[in-house]
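Residues per chain, in single letters:
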Amino acid sequence: MDKKIYFFDTTLRDGEQSPGCSMNKREKLLLAKQLERLGADVIEAGFAAASEGDFESIREIAGEIKNSTVAVLARTVKSDIDKAYEAVKDAKKPRIHTFIATSDIHMKYKLKMTPEEVVKRAEEMVKYASSLVPEVEFSAEDATRSSTDFLAEIFDKVILAGAKIINIPDTVGYMTPDKFYEFIMEVREKSKYLDTVTISVHCHNDLGLGVANTLAALKAGARQFECTINGIGERAGNAALEELAMILKTRKDVYDFESNIVTEEISKTSNLLSSITGVYVQPNKAIVGANAFAHESGIHQHGMLSNPETYEIMTPESIGLKETKMVLGKHSGRHAFRDKIKSLGFDLKEEEVNEAFEKFKELADQKKTIYDSDIEVILTRGINGEDDKYKLKRFVVNSGNTISTMASVLLDIDGKEVEGIASAGGPIDSAIRAIEKCLDMDITLEDYSLQSITEGTDALGYATVKLRYGDNHYLGRDVSVDVVEASINAYLDAVNKI
Ligand SMILES: CC(=O)SCCNC(=O)CCNC(=O)[C@H](O)C(C)(C)COP(=O)(O)OP(=O)(O)OC[C@H]1O[C@@H](n2cnc3c(N)ncnc32)[C@H](O)[C@@H]1OP(=O)(O)O
Ligand SMILES: CC(C)C(=O)C(=O)O
Ligand SMILES: [Mg+2]
């Protein structure tokens with residue numbers, strides 16, 4: 001049997017049917033060009049009869065795309081097929097894709113047609129479409145809840161009428177892999193002509209089985225995969241193109257097939273779709289999620305640094321990413337921390353690394369994401385005072401828009417606890433005044449500044465305090481995710497210098 005898999009991308013049609021994923025003409029064209037670079041064999045550009053905008057988008061895509069077939073969807077309705085033809089006629093490789101439902105429930109309640117009428121309509125419209133374009137695809141909507149006898153009958157009729165591709169959609173995502181395999185084999189056995197055309201599948205993801213069912217269909221003889229980028233589509237979406245493509249590439253030992261997909265374009269295509277629609281994939285999404293090539297825990301990071309194959313079955317480069325992300329966080333270990341320090345250009349002795357590592361863990365307990373700039377702060381400034389005479393033990397600040405701010409600061413001064421309480425305009429002002437009450441020193445605060453030096457709302461605040469004592473000036477600094485704490489410690493840093 002044929003070893004080639006044809007990827008039929010329906011992001012611009014079924015994908016666009018997902019709530020919130022509508023695209024305008026310019027956006028559809030941008031994405032179509034990227035799908036062409038990705039190597040999609042067929043790009044289903046839209047549903048021409050749906051709206052004037054969709055019609056124009058398909059026409060423009062048909063005029064621009066040269067390497068992929070441009071398909072357009074139509075009901076088995078003559079006016080839909082005429083619209084579809086008008087939209088796609090200038091394409092280098094046009095395809096009209098027409099469909100009608102074949103399950104009892106759809107025929108009886110939705111179409112209000114008898115099975116005989118459905119077969120007749122399908123046959124007539126496939127014949128008509130085949131008189132307009134060389135390639136016509138026929139889909140039996142809700143095929144997987146239809147009788148296999150009826151499918152065999154309608155498929156044979158439309159194949160004789162000119163259909164070159166027969167699609168067996170799992171429209172409502174009802175199949176399981178074993179059942180789908182048996183189902184397709186049964187239809188193939190009952191049909192006279194199905195094996196003379198390309199069998200396609202179109203699996204929805206209502207039970208999370210879109211990709212698994214597509215692979216089961218491959219085993220049963222399907223050679224066209226209908227799928228979408230990021231798995232978008234009606235309801236729970238369609239089988240995800242990037243997952244299917246990477247399964248074929250990564251498990252060639254199991255699936256010995258060829259495809260035209262340029263996997264190195266996957267990441268770019270996924271990002272483009274998300275930025276156009278504003279619908280982003282979850283971080284743990286297979287292949288294209290932000291965490292798909294990221295490692296935070298120490299044991300995994302150590303393994304990755306020793307040999308990336310310990311924890312990655314695909315390379316980030318194979319989907320077009322530059323590198324694996326080593327995320328530093330509270331689960332990270334010394335190996336990854338040392339590697340990060342080196343990559344930031346610091347050459348530290350082992351005991352300095354250990355000291356910085358302790359500070360890093362302390363910070364990681366307070367902060368969700370540790371950025372490179374956080375590490376730089378740890379390495380250049382430290383995050384806490386060490387063996388100083390004046391040390392902060394604890395502080396409490398009570399503040400709100402309808403109450404006066406009150407701060408209580410407890411210091412350790414040479415091993416003795418001293419507490420100061422003060423109320424002033426804001427939390428930092430109150431805290432500084434509370435410290436002044438603990439100290440029996442004639443100090444003047446000359447300058448104070450606070451800067452956010454890392455990213456995010458949990459950024460490190462960098463406080464600088466300038467004090468005058470007698471005729472001399474003393475500068476104190478500190479960093480913390482808590483700006484009041486950074487301010488208190490910066491003040492104490494200057495006091496300790498006195
Ligand atoms: C499984 C799928 O993804 S199918 C594709 C789904 N995509 C879309 O529906 C997007 C585009 N659709 C649209 O813009 C509109 O539904 C249109 C323009 C196609 C039709 O709009 P309307 O004429 O207002 O009809 P409406 O959508 O309300 O109802 C669908 C009609 O098509 C009929 N119909 C549905 N599918 C088919 C079919 N495959 N072949 C023939 N007739 C069909 C229905 O029986 C119904 O007929 P009725 O108007 O005589 O009752
Ligand atoms: C139009 C067909 C192919 C479809 O989208 C479905 O059945 O899910
Ligand atoms: Mg669908």
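Residues numbered from 1 in each chain as written. Chains lettered and ligands numbered in written order. Predicted model: local features only at pLDDT ≥ 70, side-chain atom pairs only at ≥ 80, totals over all residues.

A closer look at the site of ligand 2
As a structural note, the neighbourhood of ligand 2 is formed by Asp14, Leu73, Phe99, Ser139, Glu141, Asn167, Pro169, Thr171, His202 and His204. A per-class count over the shell around ligand 2 returns three nonpolar, five polar and two charged. (Near = placed C-beta within 6 Å. Nonpolar A, V, L, I, M, F, W, Y, C, P; charged D, E, K, R; others polar.)

Section: the sheet that holds strand E16 (residues 472–480)
Sheet architecture is open: three strands sit in the order E14-E15-E16, paired in antiparallel fashion. Unpaired on one side and paired on the other, strand E14 (443–452) and E16 mark the two borders of the sheet. Averaged over all pairs of adjacent strands, the angle between strand axes in this sheet comes to 15°, irrespective of strand direction. Where E14 lies against strand E15 (residues 461–469), nine bridges are found, and the strand directions are antiparallel. Paired with leucine 450 across the bridge in E15 is alanine 463. Each of E14, E15 and E16 is contacted by helix H16 (residues 483–497), which is oriented at about 145° to E16, the strand it contacts most. (Pairing = 2+ DSSP bridges. Helix = DSSP H or I, 4+ residues; strand = E, 2+ residues; numbered from the N terminus. Axes fitted to C-alpha atoms, helices over the stretch in contact; angles between N-to-C directions. Contact = placed C-beta atoms within 7 Å.)

What to know about helix H8 (residues 210–219)
When you tally the buried positions in H8, you get nine out of ten residues, the bulk of the element. Those residues of H8 lying buried are Gly210, Val211, Ala212, Asn213, Thr214, Leu215, Ala216, Ala217 and Leu218. Looking at the buried residues of H8, the elements they touch are strand E6 (165–170), helix H7 (177–190), strand E7 (198–203), strand E8 (224–227) and helix H9 (241–250). (Buried ≥ 20, exposed ≤ 12 C-beta atoms within 10 Å, placed from the backbone.)

Details of the site of ligand 1
Lining the immediate surroundings of ligand 1 are 15 residues, of which Phe47, Ala50, Arg75, Thr76 and Ile100 lie closest. Among the elements of the structure, strand E4 (94–101) and helix H4 (104–111) are those that each provide at least two residues to the shell around ligand 1.

Here's the deal with helix H12 (residues 334–343)
Buried residues of H12: Ala336, Phe337 and Ile341, and no others. On an axial view of H12, the arc spanned by its buried residues comes to 140°, and they lie on one face. Exposed positions of H12 whose direction lies more than 90 degrees from the buried face are Lys342 and Ser343. Positive backbone phi, approximately 90°, marks glycine 345, located one or two places after H12. (Arc of directions from axis to C-beta.)

Points about the domain arrangement of the chain
Interfaces are often sized by the accessible area lost when the parts come together. On domain assignment, one finds that the chain holds domain 1 (6–277), domain 2 (294–381) and domain 3 (390–497). Its C-alpha centre places domain 2 at a distance of 32 Å from the equivalent point of domain 3. Contact residues are listed per partner, giving nine residues for domain 2 and nine residues for domain 3. With four residues, helix H14 (residues 372–381) is the single largest residue contributor to the side of domain 2 that touches domain 3. (Domains from an automatic or database assignment.)

Thoughts on the UniProt feature "binding site: Mn(2+)" (unreviewed entry) in the chain
UniProt marks Asp14, His202, His204 and Asn238 with the feature "binding site: Mn(2+)" (unreviewed entry), using the numbering shown here. Taking the farthest pair of C-alpha atoms as the criterion, the annotated set spanning 225 residues converges on one region, since that pair is 10.1 Å apart. Note that histidine 202 resides in strand E7. With 29 C-beta atoms packed within 10 Å, histidine 202 lands in the buried category. In contact with histidine 202, not counting residues within four places along its chain, are Ser139, Asn167, Pro169, Asp170 and Glu226. Within the secondary structure layout, asparagine 238 lies in the loop between E8 and H9. Overall, the presence of 33 C-beta atoms within 10 Å leaves asparagine 238 in the buried class. (UniProt positions renumbered as here; feature names shortened; annotations may be inferred.)

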